[in-house]
Amino acid sequence: MHKKKIASVTLLATAALLTACGQNKGASSSKQVMKTAVTGEISTLDSSKYGDTISSETLQNSMEGLYRFDKKGQARLAGAVKVTKSKDQKVYTFTLRKNAKWSNGDPVTAQDYVTAWRRTVDPKNDSLDSDSYQVIKNGTDIVAGKKKVSSLGIKALGKYKLQITLENPIQYLPDLLTGAQFYPQDTKIVKKYGSSYGTSSSKLVYNGPFTVSQWTGSNLKWILKKNKTYWNAKSVSLSAVKVQVIKTTSTGLNLYKGGQLDYAPVDSDYVKQYEKNADYHTKTTPTNGYMVFNLKRKTTGNVHVRRAISLGVNKQELVKTVLHSGKAAQGLVASDFIYDENGKDYRASAGKLMTYNLKQAQKEWALAKKQLGKSKITIELLTSDMDASKRVGEYLQSNLMKNLPGLTVKLRSIPLKSRLADTSKHNFDMVYGTWQPSFQDPIDYLTIGGLFNLESDYKNSTFWKEINQAKSTYATQPAKRQASLIAAEKQLIQKDAFAAPLYQAGVSYLLKSKVTGFRLSPYGTVAYYWDVKIK
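In this text the structure is predicted, and so the values were computed from the model without any measurement.

## Focus: a nonpolar patch on the surface
- Taken together, Met386, Leu416 and Leu420 make up a surface patch of nonpolar side chains, about 260 Å² in accessible area.
- Mapped onto the secondary structure, leucine 420 falls in helix 13 (residues 416-424).

## Details of the packing of helix 9 (residues 315-323) against helix 12 (residues 387-403)
- It is the contact of helix 9 with helix 12, at a shortest axis distance of 11 Å, that shows an interaxial angle of 135°. Judged by the inter-axis angle, helix 9 sits oblique to helix 12. For the pair helix 9 and helix 12, the sense of crossing is right-handed. Contact residues: helix 9 offers Glu317, Leu318, Thr321, Val322 and Leu323, while helix 12 offers Arg391, Val392, Tyr395 and Asn399.
- By residue class, the composition of the contact of helix 9 with helix 12 is 5 nonpolar, 2 polar and 2 charged.

## As for the sheet that holds strand 6 (residues 154-158)
- Spatial strand order, 4-5-7-6: 4 strands in an open sheet with antiparallel pairing. Only two strands of the sheet have a single partner each, and these edge strands are strand 4 (80-85) and strand 6. Neighbour-to-neighbour, the strand axes of this sheet turn through a mean angle of 25°, independent of strand direction.
- For strand 4 and strand 5 (residues 91-96), the ladder comprises 5 bridges, and the chain directions are antiparallel. Within strand 5, the residue paired with valine 83 across the bridge is phenylalanine 94.

## Some points on the environment of alanine 329
- Within the secondary structure, alanine 329 sits in the loop between strand 13 (327-328) and helix 10 (346-350).
- Of the residues examined, alanine 329 reaches a relative accessible area of 4% and is grouped as buried.
- Between the C-alpha atoms of alanine 329 and tryptophan 231, which are 98 residues apart in sequence, the distance is 42 Å.

## Thoughts on the UniProt feature "domain: Solute-binding protein family" (unreviewed entry) in the protein
- As recorded in UniProt, the feature "domain: Solute-binding protein family" (unreviewed entry) lies at residues 82-447.
- Strand forms 21% of residues 82-447 and helix 31%; the C-alpha atoms that close the span are 31 Å apart.

## Some thoughts on the nonpolar core
- Core analysis: the biggest nonpolar cluster contains 147 residues, and Phe94, Trp117 and Phe518 have the highest contact counts within it.
- With 8 residues, the single largest contributor to this core is strand 17 (residues 499-511).
- Core analysis: the next-biggest nonpolar cluster, separate from the first, contains 12 residues, Ala37, Leu255, Tyr274 and Tyr280 among them.

What counts, and where the lines are drawn
- Residues numbered from 1 in each chain as written.
- Predicted model: local features only at pLDDT ≥ 70, side-chain atom pairs only at ≥ 80, totals over all residues.
- Heavy atoms only, no water.
- Patch = residues over 30% accessible without salt bridge, like charges linked within 9 Å, V, L, I, M, F, W, Y side chains within 5 Å.
- Areas by Shrake-Rupley, 256 points an atom, 1.4 Å probe, with all protein chains shown as cover.
- Salt bridge = Lys/Arg side-chain N within 4 Å of Asp/Glu carboxyl O.
- Helix = DSSP H or I, 4+ residues; strand = E, 2+ residues; numbered from the N terminus.
- Axes fitted to C-alpha atoms, helices over the stretch in contact; angles between N-to-C directions.
- Parallel < 35°, antiparallel > 145°, perpendicular 65-115°, else oblique.
- Left-handed = near helix turned anticlockwise from the far one by under 90°.
- Contact = heavy atoms within 4.5 Å.
- Nonpolar A, V, L, I, M, F, W, Y, C, P; charged D, E, K, R; others polar.
- Pairing = 2+ DSSP bridges.
- Buried < 20%, exposed > 50% of the residue type's maximum accessible area, 1.4 Å probe, protein only.
- UniProt positions renumbered as here; feature names shortened; annotations may be inferred.
- Core = buried A, V, L, I, M, F, W, Y, C linked by side-chain atoms within 4.5 Å.

Right under this line is the structure:
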């Protein structure tokens, strides 16, 4: 997963960026230690190779790119102090912060960005986030092995001057560049460690609010320590964050109740139990739960089958009885997340697409059975074998079989890695998954968004025309651009039902009242610690 959302972002120099939630001159360092839990392991601290939420969270607290999210969830300049744009809005020139240093004392230079970005798009590194570089000049061709890595649209114009060239103008560049896949890497350290760079906390250096220690590459505990060389270290109150992996929610909650944790995630099984607790917090995120269909198979290649299933899931009941947080989806693009230049929610402008409509679902189902010449149809639903995914799969199975007469849904739950592989290899009828956006723009949901095999399988010319217009012709015309994106979403979801939006995920957790300044990323899944203070 992941993954966002922007109508417009003002580019501001940030001498005041990340000002402390409160300075901590008087508090003892021993008091300023937070104990927290995460649900998975770090896979790598190499920002060119990570692909999981826990690694992303660790990197976002220990590294810093050109931009960082402020307390209001807006992207503000961080590693840079100034940016200028060319008249055609394709070339950005950044003046880097001269007082930014790596934890070993090295200055953070323009070449460190060039080194990192080239590593990420280099096909030999098989980066899971290289698709984020589609917007950078030659990014797509480099990842595909068609152009040299050195042709990427990034240049060091001097020690502290960095130039970035885009394929087309985009409104959401600041938001995109907050991502860990766009962080710099100390060129000297990358050369020193080579392929082992980032494989343990000692095999890289850090330029963010914290450093990482005691992560060997496979252990389940590590520490974030205040980075004394960070340019804005005076704003960071915590001396350390002690992190441990808790693989079962019940274990984490027991540790929390015993005072051994200050923060613990709460999954859907425990929401009812803790929702009235004073320490309980919840929010709806822009992360989607959805299904994608295999267009290459006869049954799910039938548009009436896909429409019937998309319309036939009682999404509100799913949220209420299984998830206990979040809300029913109104379309593929999340609501309350992306706003136009007038402050209007994209979702409100695009309308409600493929919401639960049993009567219409059964009409589509009757047409499907007629066209396929069958009165009974069996479809397999693929999910991961994680408990939360299996519970959603079981609900979809029973709800669809109840609502669509003659349908049998067979459930196949396998490890996530295998589920991803089977989906890519077209070894499925329909697959359930979740998607966290990477930036605040509809284009992320409509062209990446967990939409497996979209480019290879979905050939609708109207959709791709609208997408291409949004990317190029209307790139600097917000109203026309949004109209194209809305038309594309309606074609993809309402008319062709390539995917079935189910819900916007909620996130729930317990947090001790003594902890102030804690927040989650705008995407809802990554914890930020640099403004935290223990009362």
